[in-house]
Amino acid sequence: MDPNGLIAPVNELGYPAPFWFLIFFRVLGFTLHLLPMNLWYAGTITAMLLGLSRVPEARRFSARLMSQMPFIIAFGVNLGIVPLLFLQVMGYRVFYSATILMAWQWLSVIALLCLAYYGVYIYAVGLRTVGMDALARWQRASGWLSALLFIVIAVIFHSAMLTMAEPGSWPALAEQSGRAAAVYGTAHALGNTALWTRMLFFLGLAMTTTAAYVAFDGAVLAGRESSEYRSWTRGFAPKFYTFAVLVYAGGGLLYAAGWEPGLREYMSSGSLLPLNLLTVLGPGLPLLILWLGRNVPAAGLWALIAQFLALGLQAVSRQLMQNQQLAPYLDIAADPLKMQIGPLAMFLVSFVAGLGVLGWIIARLVEANRKGVVSGE
Ligand code: HEM
């Protein structure tokens, strides 16, 4: 079977906006999705593990993060829609084929996410009503189940994104999970080593974001907490970040070792070398801020800003890599341009308004948490 036969034909309607616009918003949207997504991917399991600690401040952070999680999930899911829109517009020729091959697990994301979201709510409401020490067994189980479900959903996303960028693997997947021209949607990438190395790399990255968030929580959101708690965040964050960087680096090395030689050469040569080096070293800046700023109360804010920049670099490099992986099969920049000003204007207005509303909500949350310090509550 020829993989080209499984790639969707070019859409005669063309792209509704210039290619640079589509790619810019896909990368920006993905960066915005990455920050909260990293917090539920690595942060939920971290919070549950810290909840078992004997250190009161570690348990406090656990309770704080799990209480904030319903907001973080709501923000991150909404922000995930932005890259999804652009991925569907500019990657439709490969996105749909890959996700149809693994349709059941792809569709299951909706149900799994609803369960994980309910689980987090049950745990957060328990924290609010009875407190961490008095949580019932089923409430604790809900927290653990959510942490597990987020990891399962991440595996599904990794599978989908990996498979989408490798049309060469489709014929085998189609033959294994279908008959004649029909596929059953039961394909998976669980046997692909790249799935697990990619996951390890990504999990390490998500852990770095969680570590930066520990410091951010202490610096910006923990106005009502004790000074012991705030100084614990400044001490724990750099140590946890260092551990996370080791996972990120180990996962990254294993992942890159499995790339085709052509892809490795592309990512490490010419004008891409400085960019990709910057991407690889991106977590170095937040790490430095966290270590050097251990006695600086505002360091957590700067660490999270630096983390956001590091995530942005990851999104850019990953996009370049994906374009290169698809290059032997299709040129995603080659679709005809048929500008559609109306939908474009509607997107821009709702995007700016949506970010404005999210910014307003976050500002109110920060203000409410800081009030305790100002008024001495
Ligand atoms: C309905 C909610 C969600 C939406 C709309 C969404 C959207 C997206 C999109 C569009 C991408 C690909 C971006 C791109 O390549 O340009 C992505 C990647 C990803 N998402 Fe989400 N997402 C959602 C929920 C989740 C959840 C609950 C998780 C669980 C941890 C998650 C984990 C990931 C991961 C790990 C990737 C990167 C996969 C890879 O490249 O290997 N997402 N998401």
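On a predicted model such as this, the values are computed, not experimentally measured, just so you know.

Engineer: How should I be thinking about the overall build of the protein in this particular structure?
Structural biologist: Within the protein, the regular secondary structure consists of 14 helices and two strands. The principal-axis extent of the C-alpha atoms belonging to the protein is close to 65 × 45 × 45 Å. For the protein, contacts bridging at least 24 residues in sequence account for 83% of all contacts bridging at least 6.

Engineer: Please clarify how helix 3 (residues 56-90) should be interpreted in this entry.
Structural biologist: Residues spaced three or four apart along an α-helix face the same direction, because each turn holds 3.6 residues. An ideal rise of 1.5 Å per residue puts 51 Å on 35 residues; helix 3 measures up with 49 Å between its terminal C-alpha atoms. At Met69, helix 3 is deflected by roughly 45 degrees, the largest bend along its length, and proline Pro70 occurs up to four residues later in sequence.

Engineer: Any chance you could explain the nonpolar core here in plain terms?
Structural biologist: Soluble, globular proteins show a tendency: their nonpolar side chains are buried together. Within the largest apolar cluster, 69 residues are counted, with the highest numbers of intra-cluster contacts made by Ala212, Ala215, Ala237 and Ala303. Broken down by element, this core gets its largest block of residues, 14 residues, from helix 8 (residues 193-221). The contacts of Ala237, once residues within four sequence positions are left out, are Ala211, Ala212, Val214, Ala215 and Leu290. Judged by nonpolar contacts, the second largest core, of 13 residues, contains Val94, Leu173, Ala174 and Ala187.

Engineer: What exactly am I supposed to notice about the site of the ligand here?
Structural biologist: Surveying the vicinity of the ligand reveals 21 residues, the closest of which are Gly80, Leu84, Ala154, Phe157 and Met161. Looking at the shell around the ligand, the elements with two or more residues in it are helix 1 (19-41), helix 3, helix 6 (137-164) and helix 8. Among the residues forming the shell around the ligand, the class breakdown is 16 nonpolar, three polar and two charged.

Engineer: Whenever I open this one, helix 9 (residues 227-257) confuses me. Can you help?
Structural biologist: Here helix 9 spans 45 Å end to end across 31 residues, near enough to the 45 Å set by a 1.5 Å rise per residue. Residue Phe236 marks the point of greatest curvature in helix 9, where the axis turns by about 25 degrees; the proline Pro238 follows within four residues. Burial in helix 9 covers these residues: Trp232, Thr233, Arg234, Phe236, Ala237, Pro238, Phe240, Tyr241, Ala244, Tyr248 and Gly251. The elements touched by buried residues of helix 9 are helix 3, helix 8, helix 12 (284-292) and helix 13 (299-326).

Engineer: Even after reading the chapter, I still don't get the environment of Arg294, so can you show me in this structure?
Structural biologist: Among the structural elements, Arg294 can be located in the loop between helix 12 and helix 13. Residues Arg294 and Phe236, 58 residues apart in the sequence, show an inter-C-alpha distance of 9.5 Å. With near-sequence residues (within four places) excluded, Arg294 lies in contact with Arg234, Gly235 and Pro238.

Engineer: Would you explain the packing of helix 4 (residues 92-101) against helix 6 in this entry?
Structural biologist: The description of two helices packed together rests on the angle between their axes and the distance between the axes. At a closest axis distance of 9 Å, the pairing of helix 4 and helix 6 adopts a crossing angle of 130 degrees. The angle between helix 4 and helix 6 places the two elements in the oblique class. The way helix 4 lies across helix 6 gives a crossing that is right-handed. Judged by residue contacts, Val94, Phe95, Ala98, Thr99 and Leu101 of helix 4 engage Ala160, Thr163 and Met164 from helix 6. Classifying every residue of the contact of helix 4 with helix 6 gives six nonpolar, two polar and no charged.

Engineer: Can you help me understand the packing of helix 1 against helix 3 in this one?
Structural biologist: Contact geometry for helix 1 and helix 3: axes closest at 8 Å, N-to-C directions at 155 degrees. When the interaxial angle is binned, helix 1 and helix 3 end up roughly antiparallel. In the crossing of helix 1 with helix 3, the sense of the turn from one axis to the other is left-handed. When the residues that make up the contact of helix 1 with helix 3 are grouped by side-chain class, the tally is 20 nonpolar, four polar and one charged.

Engineer: Is there a simple way to explain the environment of Phe25 in this structure?
Structural biologist: Relative to the helices and strands, Phe25 is located in helix 1. Residue Phe25 is classed as buried on the basis of its C-beta count, with 20 C-beta atoms lying within 10 Å. Separated by 58 residues in sequence, Phe25 and Pro83 have C-alpha atoms that sit 6.9 Å apart. Among residues more than four places away in sequence, those in contact with Phe25 are Val82 and Phe86.

Engineer: I'm lost on the environment of Leu313 in this one. Help?
Structural biologist: The topology assignment puts Leu313 in helix 13. Residue class for Leu313 comes out partly exposed when judged on the 18 C-beta atoms lying within 10 Å of it. For the pair Leu313 and Leu253, spaced 60 residues apart in sequence, the C-alpha separation works out to 17 Å. Here Leu313 is in contact with Leu278, Thr279 and Gly282, once residues within four sequence places are set aside.

Engineer: What's the story with the confidence of the model for the protein in this structure? I'm lost.
Structural biologist: Detail in the predicted coordinates should be disregarded across regions flagged by low pLDDT. Averaged over the protein, the pLDDT score is 95; the fraction of residues at 70 or greater is 98%. Contacts for the low-pLDDT stretch residues 372-377, under 50 throughout, to residues beyond four places or in other chains number six contacts.

Rules of the game
- Residues numbered from 1 in each chain as written.
- Predicted model: local features only at pLDDT ≥ 70, side-chain atom pairs only at ≥ 80, totals over all residues.
- Helix = DSSP H or I, 4+ residues; strand = E, 2+ residues; numbered from the N terminus.
- Contact = placed C-beta atoms within 7 Å.
- Expected span 1.5 Å × (residues − 1).
- Bend = angle between axes of the 7 residues up to and from the residue.
- Core = buried A, V, L, I, M, F, W, Y, C linked by C-beta atoms within 7 Å.
- Buried ≥ 20, exposed ≤ 12 C-beta atoms within 10 Å, placed from the backbone.
- Near = placed C-beta within 6 Å.
- Nonpolar A, V, L, I, M, F, W, Y, C, P; charged D, E, K, R; others polar.
- Axes fitted to C-alpha atoms, helices over the stretch in contact; angles between N-to-C directions.
- Parallel < 35°, antiparallel > 145°, perpendicular 65-115°, else oblique.
- Left-handed = near helix turned anticlockwise from the far one by under 90°.
- pLDDT = per-residue confidence, 0-100.

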